[in-house]
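Observations on the model geometry
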Amino acid sequence: MSDSSSPPEPPVQPEAEAIQTQAQQRAEARAVESAAIRRRWITLGEVLAVIAVIISGLTLWNSWSERSDSKAAQSADAARASNRAATLVLVATDAGKHSLTLKTASAEQSVQSQEIWFPTALGAASAQTTGEPRIETDWFERALEKAREAAKRPDNSRGDERLPVAIVTRFLADGEAHEDVALYDIGYTISGRLLGGHSVELRGLSFVSRVKKGTAQAKLDARWKALFPGK
């Protein structure tokens, strides 16, 4: 009788097993490499996203910083302009023999009124002007002549003499009202003789210093004593 059962499969040869194993290993290596490549691309994308966020933040900060610097510069310029507008300096534009016409050094300022104070020792009353800033010899000439005689000053000037005064000026700048108090020296000459009478002629006006209103008279008197020692 013939045996009807299938003959047993021949055993796998060792060489075939090795080939199959190598193929599997290569497939696994490719899978691992592909996974690593995908992970590297994901990591690179994350890095790029972080860099983009940083660049965006730096751009925003730089823009904000430039705007802040610009605003600060504009504010500083405005403050300086405001300070300049509120700082008054008077100049004499017309020096006549017996009067000085005054104006502001800045064309943006408009004088509304003034008070001119004289040294206490002079005994001259203060003078006021409205809308026409000026200084006149009639306000102090006789008192000044007496003071010079008492101080034994020469009858004739040997150059420009100085009479200190305090000037309180109310003025407008950029539509705003301001008040300035400062010491000035009036430049003048004097000529003539005691018996024949003296003549005071005005020469100009020079700024001395800005002072507080409450201390203006005291500082004016101190300057007078410095110019007229012993009087």
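Just so it is clear, the structure is predicted and the values come from calculations on it, not from any experiment.

**Some points on the overall build of the protein**
Each helix and strand counted, the protein has three helices and eight strands in total. If you list the helices and strands of the protein from N to C, you get α-β-β-β-β-β-α-β-β-β-α. Counting the 231 residues in the protein, one finds 29% classified as buried. Long-range pairs, those at least 24 residues apart, make up 61% of the contacts in the protein between residues at least 6 apart in sequence.

**Looking at the environment of P164**
Here P164 is to be found in strand β6 (residues 161-173). With a relative accessible area of 1%, P164 lands in the buried category. Remark: the alpha-carbon pair of P164 and L205, spanning 41 residues in sequence, is separated by 9.7 Å. Setting aside chain neighbours within four positions, we find P164 in contact with P119, Y184, D185, L220, R223, W224 and L227.

**Thoughts on the pairing of strand β3 (residues 109-117)**
For β3, the tally of buried residues reaches seven of nine residues, placing the bulk of the element in the interior. Of the pairings in the sheet, the one linking β3 to β6 comprises eight bridges and is antiparallel in character. Bridge pairing in β6 places S110 opposite L172. Pairing of β3 with strand β4 (residues 127-130) involves four bridges; the strand directions are antiparallel. Across the sheet, Q114 pairs through a bridge with T129, a residue of β4.

**Notes on the side chain of T189**
Locating T189 in the fold gives a position in strand β7 (residues 176-193). For T189, the contacting residues outside a window of four places in its chain are S157, G159, D160, S199, V200, E201 and R203.

**Comments concerning unusual backbone geometry**
Not every positive phi belongs to a glycine, and K152 is a case in point at roughly 55°. Even without being glycine, D174 reaches a positive phi, approximately 55°. Note on placement: D174 falls in the loop between β6 and β7.

**A short note on the packing of aromatic side chains**
This structure, assessed with the given rule, holds three aromatic pairs. Seen from their ring centres, F118 and F140 are 5.5 Å apart, and the 40° between their planes marks the pair as tilted. With F118 in the loop between β3 and β4 and F140 in the loop between β5 (134-136) and α2 (141-150), this residue pair connects regions lying 22 residues apart in the sequence. The class for F140 is buried, based on a relative accessible area of 1%. Judged by centre distance (4.1 Å) and plane angle (10°), the ring pair of W224 and F228 falls under stacked.

**Digging into the nonpolar core**
Core analysis: the largest hydrophobic core is formed by 32 residues, its most contacted members being F118, L122, I135, F140, L163 and I186. For this core, the secondary-structure elements that each account for two or more residues are β2 (99-104), β3, α2, β6, β7, β8 (197-210) and α3 (216-227). With sequence-adjacent residues up to four places away left out, F140 is seen in contact with F118, L122, A124, I135, L163, I186 and L202. Among the nonpolar cores identified, the runner-up in size contains eight residues, and W117, V168, L183 and A216 belong to it.

**Topic: the pattern of salt bridges**
Summed over the entire model, instances satisfying the criterion amount to nine salt bridges. Here R170 and E115 are joined by a salt bridge, their closest N and O atoms 3.3 Å apart. Placement of R170 in strand β6 and of E115 in strand β3 is noted, with a sequence separation of 55 residues between them. Among the residues examined, R170 registers a relative accessible area of 25% and is labelled partly exposed. E179 is the partner of K213 in a salt bridge, and the nearest nitrogen-oxygen pair spans 3.6 Å.

Calculation notes
Residues numbered from 1 in each chain as written. Predicted model: local features only at pLDDT ≥ 70, side-chain atom pairs only at ≥ 80, totals over all residues. Heavy atoms only, no water. Helix = DSSP H or I, 4+ residues; strand = E, 2+ residues; numbered from the N terminus. Buried < 20%, exposed > 50% of the residue type's maximum accessible area, 1.4 Å probe, protein only. Contact = heavy atoms within 4.5 Å. Pairing = 2+ DSSP bridges. Phe/Tyr/Trp six-rings, centres within 6.5 Å; stacked < 30°, edge-to-face > 60°. Core = buried A, V, L, I, M, F, W, Y, C linked by side-chain atoms within 4.5 Å. Salt bridge = Lys/Arg side-chain N within 4 Å of Asp/Glu carboxyl O.

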